[in-house]
Amino acid sequence: MVDISAKGARRVVVLGTGGTISGRARSADDNLGYTAGEVGVADLLAGIDAPAGVELEAEQVAQVDSKDMSFAIWQALARRCAHWLARDDVAGIVITHGTDTLEETAFFLHSVLAPAKPVVLTCAMRPASALAPDGPQNVRDAVAVAATPGARGVVVVCAGTVHGAADVQKVHTYRLDAFASGDAGPIGYVEEGALRRLRPWSDADDAAPTLFDKAMAAVDCPRVEILLSHAEARGSLVDALREERRRGAADAVRGIVLAATGNGTLHHTLEAAALRAQADGIAVLRATRCVEGRILPRPGERLRDAGALTPVKARIALMLELLA
Ligand code: ASP
């Protein structure tokens, strides 16, 4: 093997976690009846040409359907990212991941790493066994971004588009171009292996090292539930969580994110229950269930809002806040 660091070449480390990108179906024309997380990450790199001067290295961190993502896997992933990012010969990291909770993992890593090098999550909507899988091109594009000089932060690359971790959301159940960045728009596009950047990379965050230490030291993550406000919403689920806590349940809820309507509004019955929960010491946060936009503060609000964070990202932010 060539000593790439001695020649000034760089390494991109590809961490595998499972998902449809590593899924296998019985037949090539079946894009739905597959099992996620079957093909190893080293095999996903077969036939992928790295950019000149870049060497690829594969490591399997997990092998799951991302609908079942866990805090323990996030911890393992963050630790492996920190390990590789600290090495001078590593230009960046690519993470292969399922699409279902991709935005959650991206936001968690963004919050605890805020890396000065690129950490690029990528995925596929079709399994590796498909007639025309989208995974190989996505991996190729992700590697190109990870090897781009000056690239930094946690981003997602899917269908030739680069999304920032704070903005990205899965917005389609089936299309290959399944992600969007809402109002913020994408960071850029990958065109024939070259990045066309439209806006700045995300800034480093001074809070990240502290959050990293706290998150890595945690045995379990604080339980934070998401409840939806809707027509006919009730407060009974909130009251059930309060009751569980009052009885001293081991894994009692510590935080509740309310997926609120519009500009953070709540059904009055749910709001009343949420205020009771807050008075009991449960952390409550409102996040809008709208796909785009942010909650603009209104005078007199008694429950905090999560700004532009979606409910699933607000849940992670609150969880990290409770850890800190
Ligand atoms: N259920 C799969 C996963 O998230 C879906 C996908 O990867 O597209 O792992």
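On a predicted model such as this, the values are computed, not experimentally measured, just so you know.

> Is there a simple way to explain the environment of Val41 in this structure?
Along the chain, Val41 turns up in helix 1 (residues 41-44). Taking the C-alpha atoms as reference, Val41 lies 20 Å from Leu109; in sequence the two are 68 residues apart. In this structure Val41 touches Val14, Leu15, Gly16, Ala58, Glu59, Gln60 and Thr96, once residues within four positions along its chain are discounted.

> I would appreciate a short explanation of the nonpolar core in the present structure.
Within soluble globular proteins, side chains that are nonpolar generally end up buried alongside one another. Ranked by size, the top nonpolar core spans 51 residues in total, and within it Ile95, Phe108, Leu109 and Val112 carry the most contacts. Take this core: its biggest share by element is 8 residues, from helix 2 (residues 71-85). The contact partners of Leu109, leaving out residues within four places of it in the chain, are Leu77, Ala78, Ile95, Ala114, Val119 and Val154. Membership of the second largest hydrophobic core comes to 26 residues, among which are Val39, Leu44, Ile48 and Ala144.

> What's the story with helix 7 (residues 268-279) in this structure? I'm lost.
Since the α-helix packs 3.6 residues into each turn, any two residues three or four apart lie on the same face. With 12 residues, helix 7 should cover 16 Å at 1.5 Å per step; its first-to-last C-alpha distance of 16 Å lies within 8% of that length. Taken together, the buried positions of helix 7 are occupied by Leu270, Ala273, Ala274 and Ala277. Projection of helix 7 onto a plane perpendicular to its axis shows the buried side chains occupying an angular sector of 105°, all on one side. The exposed set on the far side of helix 7, more than 90 degrees from its buried face, consists of His268 and Ala279. As for helix 7, its buried residues are in contact with strand 13 (224-228), helix 6 (236-246), strand 14 (255-260) and strand 15 (283-288).

> Which parts of the structure should I look at to understand the packing of aromatic side chains?
The geometry of an aromatic ring pair is captured by two quantities: the separation of the ring centres and the angle between the planes. All told, the structure shown has 2 aromatic pairs when counted by the stated rule. Measuring from ring centre to ring centre gives 6.1 Å for Phe71 and Phe108, while their planes differ by 80°; the resulting arrangement is edge-to-face. On the criterion of sequence distance, the pair formed by Phe71 in helix 2 and Phe108 in helix 3 (residues 102-113) is long-range, its members being 37 residues apart. Both residues of the pair, Phe71 and Phe108, belong to the buried class. For the ring pair Trp74 and Phe108, a centre distance of 4.9 Å and an interplane angle of 15° mean the geometry is stacked. With Trp74 in helix 2 and Phe108 in helix 3, this residue pair connects regions lying 34 residues apart in the sequence. Aromatic ring contacts, followed pair by pair, group Phe71, Trp74 and Phe108 into a single cluster.

> What exactly am I supposed to notice about the sheet that holds strand 15 here?
Adjacent strands of a sheet pair through backbone hydrogen bonds, lying either parallel or antiparallel. Judged by pairing direction, the sheet is parallel, and its 4 strands sit side by side in the order 13-14-15-16 without closing on themselves. Strand pairing shows two members of the sheet lacking a second neighbour, strand 13 and strand 16 (304-305), which therefore form its edges. Note: strand 15 against strand 16, 2 bridges, orientation parallel. By the bridge assignment for strand 16, Arg286 is matched with Asp305. Here helix 6 sits on the sheet and contacts strand 13 and strand 14; the angle it forms with strand 13, its principal contact strand, is near 160°.

The rules behind these values
- Residues numbered from 1 in each chain as written.
- Predicted model: local features only at pLDDT ≥ 70, side-chain atom pairs only at ≥ 80, totals over all residues.
- Heavy atoms only, no water.
- Helix = DSSP H or I, 4+ residues; strand = E, 2+ residues; numbered from the N terminus.
- Contact = heavy atoms within 4.5 Å.
- Core = buried A, V, L, I, M, F, W, Y, C linked by side-chain atoms within 4.5 Å.
- Buried < 20%, exposed > 50% of the residue type's maximum accessible area, 1.4 Å probe, protein only.
- Expected span 1.5 Å × (residues − 1).
- Arc of directions from axis to C-beta.
- Phe/Tyr/Trp six-rings, centres within 6.5 Å; stacked < 30°, edge-to-face > 60°.
- Pairing = 2+ DSSP bridges.
- Axes fitted to C-alpha atoms, helices over the stretch in contact; angles between N-to-C directions.

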